[in-house]
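Listed here are the chains, written in short residue letters.
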Amino acid sequence: MTPDLRPESSNTQSRNLAQWVAEIARLTTPDRIHWCDGSEAEKRSLTQQAVDAGVLIPLNPAKRPGCYLHRSDPNDVARTEQLTFICTPTKAEAGPTNNWAAPDETYRKLRGWLDGSMRGRTMYVVPYVLGPLGSRFAKVGIEITDSVYVALNMQIMTRMGKAALDMLGASGEFNRGVHCTLDLNPDRRLICHFPQDNAIWSVGSGYGGNALLSKKCFALRIASAVGRREGWLAEHMLILEITSPQGESTYVAAAFPSACGKTNLAMVTPPPAMAAKGWRVSTLGDDIAWLRVGADGRLWAINPENGYFGVAPGTSAKSNPNAMKMVGHDSLFTNVAMTPDGDVWWEGMEIDPPAGLIDWHGKPWSRNPADKAAHPNSRFTTPMVNNPVMSSHANDPEGVPISAIIFGGRRATTMPLVLESSDWTHGVFMGATMGSETTAAATGAVGVVRRDPMAMLPFCGYNMGDYFAHWLEMRKAISRPPKVFMVNWFRKDADGKFLWPGYGENLRVLGWMLDRIHGRVRAIETPAGGVPNPADLDLSGLEIAPDTIRQALAVDPKEWKAEMESAGELFDKIGPTMPADLKRLRAELSASLDAPTPLPRAATAG
Ligand code: GTP
Ligand code: SPV
Ligand code: MN
């Protein structure tokens, strides 16, 4: 069977789009082409097809209405950073922290792999909008995919279907995403970005950020390169609205590496004592922020996405009640365990695993705790509207003004619970030097500290030194810059126990930041930045020993010396594009740590 490739049989007024779809169809030779319209009817019919094909398993409709389970290939359970490439004309444009491959050669190789690759399959043409509909900051992407699972995920994660074709109109300006699962063989897996063509070709994986091209590929890697050209920032950040007891709304954005707490903080439940005082939190976004300078000189953020692709393990009614509510219906689950009555289960759900649990491979669970029932990177896909604390500004075309940028990593040592930078440049330095323990979100070793500047190491679509320079340069346009902080929810004591309870309690740290933003309290200076006076942290209703707080806030010069050595290695690796201002701050901080009494940085009290 040959699909009709005439432009008039396509669903678009864009000749460029019709021609491009025809070109990819001639290469991949699918049996059928399905243009996604994003309707409810389409969702029902694609879901039924996926169930019939064994791609989705219906869950118990009485317990989890509208929910399905997908098990991915065991070889394909996380992003594969070593197989992810930035294909710019020169290697220097991609920079030393990215894998680089020459565009022409890469296209040639991928065309070879894709030749006839969709024979017998359906090609889904998935049009989508990143950003609120009607926003002047929104962008159109088209993902061509042979995976019905990807098409269904894209309907949750983006504004997908007719709205995107309407926005595109006759224009030829859209991100061109080609995705083909091939045979899911890691030897024929590559995720390639061509910023100069606004194009992404991803083959050989059907999982997460490798396959949902709207997410890391477009909204971060391609968008970061566009942002540099156009004077804005595409960042791996959640966006959160905090309402204080006085009723003031403050918006903050926070960059933590993968599986380091963005989704949790984005919908954090205030601890009872703070809730009683009137603290409220609502969610704008949980993973990606596009930041621009407004006419008022502030930094404004939109969330390009429309849903959440969140880590399941660790999510419980206690740690994240809002997430538990939102995944109660109309959600997809990938690689979680299944109970005999057709519900889901994962480690850290804080419900005893029932007898007869089926693990993520589809086998009876061994009950051996070393054998996880749910894959550590198992996830839920759920629409933003399912979130009981979605912000009323989540679809605001202008976004929200950001008062604080928070960087944070997963660090057993060194990093205090919170640090305040003295100004924008110092804040950029904090982000540029941050490190974090690796997690199951990407394949490879877990728990190894690596430099992950601004949580963008795997997601920056251009040279990291130029990226730092772009951040520094942005300050000229931001006349009212946000304050910049660093946090660490993951510091441990000598017995390996977390010093800070985390989750909802993190709002106490955000409360301190708001006090700093509004000049209500002073910070204690350390060589690394400002830390709270413990008396200024709202610890009402929290049982925590004063000594534990002191340990959580401590800045140890010896640890910081090692930290600056490690940052120096990254700066050296970046080499010629590394901004002088950041090198100078590193040298100054290092030198101050050598002083018999380490000197505090310039005063930030206010
Ligand atoms: P990506 O979706 O990969 O970008 O991850 P994320 O940054 O959104 O991380 P997420 O909020 O999903 O959390 C990842 C893991 O860290 C989960 O297992 C959480 O339960 C756990 N976690 C989140 N916040 C905290 C915290 O404050 N303290 C502790 N100890 N664990 C946390
Ligand atoms: C991350 O790894 O940061 C994620 C999950 O948000 S994925 O979409 O797979 O990249
Ligand atoms: Mn993420």
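Refer to the structure presented above.
Residues numbered from 1 in each chain as written. Chains lettered and ligands numbered in written order. Predicted model: local features only at pLDDT ≥ 70, side-chain atom pairs only at ≥ 80, totals over all residues. Heavy atoms only, no water.

*Asks:* What is the right way to look at the side chain of Thr84 in this model?
*Replies:* Mapped onto the elements, Thr84 comes out in strand β4 (residues 84-86). For Thr84, a relative accessible area of 11% corresponds to the buried category. Side-chain polar atoms of Thr84 contact the backbone oxygen of Thr80, separated by 2.8 Å. (Helix = DSSP H or I, 4+ residues; strand = E, 2+ residues; numbered from the N terminus. Buried < 20%, exposed > 50% of the residue type's maximum accessible area, 1.4 Å probe, protein only. Polar contact = N/O pair within 3.5 Å; in protein donor to acceptor, adjacent residues only side chain to side chain.)

*Asks:* How should the pairing of strand β15 (residues 280-285) be read in this particular structure?
*Replies:* In summary, the side chains of a regular strand alternate between the two faces of the sheet. Burial analysis of β15 places five of its six residues in the buried class, which makes it a mostly covered element. Pairing of strand β13 (residues 237-243) with β15, which is carried by five bridges, proceeds in the antiparallel orientation. The residue bridging Ile242 from the neighbouring strand is Val281, located in β15. (Pairing = 2+ DSSP bridges.)

*Asks:* Where do I start with the coordination of the manganese ion (ligand 3) in this structure?
*Replies:* As a benchmark, a tetrahedral metal site with four donors has ideal angles of 109.5 degrees, while an octahedral site with six donors has ideal angles of 90 or 180 degrees. Surrounding the manganese ion (ligand 3) are the protein donor atoms Lys216 (NZ), His236 (NE2) and Asp287 (OD), which sit 2.0 to 2.5 Å from the metal. Relative to the metal, the six donor atoms surrounding the manganese ion (ligand 3) lie at angles of 72 to 169°, and the coordination shape comes out irregular. For the manganese ion (ligand 3), the single-chain donor residues occur in sequence as K-x19-H-x50-D. Of the two residues, His236 sits in the loop between β12 (233-235) and β13 while Asp287 sits in the loop between β15 and β16 (289-293), which places them 51 residues apart along the sequence. (Donors = N, O, S within 2.8 Å, 3.2 Å for Na, K, Ca; no water. Tetrahedral: all angles 85-135°; square planar, octahedral: opposite > 155°, others 65-115°.)

*Asks:* I keep staring at the pairing of strand β27 (residues 483-487) and nothing clicks. Help me out?
*Replies:* When you tally the buried positions in β27, you get four out of five residues, the bulk of the element. Pairing of strand β23 (residues 400-408) with β27 involves five bridges; the strand directions are parallel. Within β27, the position partnered with Ile406 by the bridge is Phe485. For strand β24 (residues 418-420) and β27, the ladder comprises three bridges, and the chain directions are antiparallel. Bridging across to β27, Leu419 finds its partner in Met486.

*Asks:* What should I look at first to understand the site of ligand 1 in this one?
*Replies:* The environment of ligand 1 is formed by 22 residues, the closest being Ala259, Lys262, Asn264, Arg379 and Tyr503. In this structure, Pro257 approaches ligand 1 through a main-chain N or O atom, which is 3.5 Å from an oxygen atom. At 3.1 Å from an oxygen atom of ligand 1 is found a side-chain nitrogen or oxygen belonging to Asp287. Sorting the residues of the shell around ligand 1 by element identifies α9 (262-266) and β18 (307-311) as the ones contributing at least two each. With three residues, α9 is the largest single contributor of residues to the shell around ligand 1. Of the residues assigned to the shell around ligand 1, the class counts are 10 nonpolar, eight polar and four charged. (Near = heavy atom within 4 Å. Nonpolar A, V, L, I, M, F, W, Y, C, P; charged D, E, K, R; others polar.)

*Asks:* What should I look at first to understand helix α13 (residues 464-474) in this one?
*Replies:* An α-helix turns once every 3.6 residues. As a result, residues three or four positions apart point the same way. Most of α13 sits inside the fold, with eight of its 11 residues counted as buried. Within α13, the full set of buried residues consists of Met464, Gly465, Tyr467, Phe468, His470, Trp471, Leu472 and Met474. One side-chain oxygen of the residue at the start of α13 lies 2.8 Å from the amide nitrogen of Gly465, identifying that residue as Asn463.

*Asks:* Sorry, what's going on with helix α15 (residues 546-553) here?
*Replies:* Among all positions of α15, only Thr548, Ile549, Ala552 and Leu553 are buried. The arc that holds the buried residues of α15, viewed along the axis, is 130°, so those residues lie on one side. Facing away from the buried side of α15 by over 90 degrees, the exposed positions are Pro546 and Arg550. Residues of α15 that are buried sit in contact with β24 and β29 (529-532). (Arc of directions from axis to C-beta. Contact = heavy atoms within 4.5 Å.)

*Asks:* Where do I start with the pattern of salt bridges in this structure?
*Replies:* When their charged atoms lie close together, side chains carrying opposite charge are able to pair. Applying the stated criterion across every chain, the model contains 32 salt bridges. One salt bridge connects Arg111 with Glu23, and the closest N-O pair in it is separated by 3.1 Å. Residue Arg111 is located in helix α4 (residues 103-114), and its partner Glu23 is located in helix α1 (residues 15-28); the two are separated by 88 residues in the primary sequence. In this structure Arg111 comes out as partly exposed when scored by relative accessible area, which is 32%. Linking Glu81 and Arg79 is a salt bridge whose minimum nitrogen-to-oxygen distance equals 3.0 Å. For the pair Glu81 and Arg79, a shared accessibility class is recorded, and that class is buried. One salt-bridge network, in which partners are shared between bridges, spans Lys215, Lys216, Lys262, Asp287 and Glu305. (Salt bridge = Lys/Arg side-chain N within 4 Å of Asp/Glu carboxyl O.)

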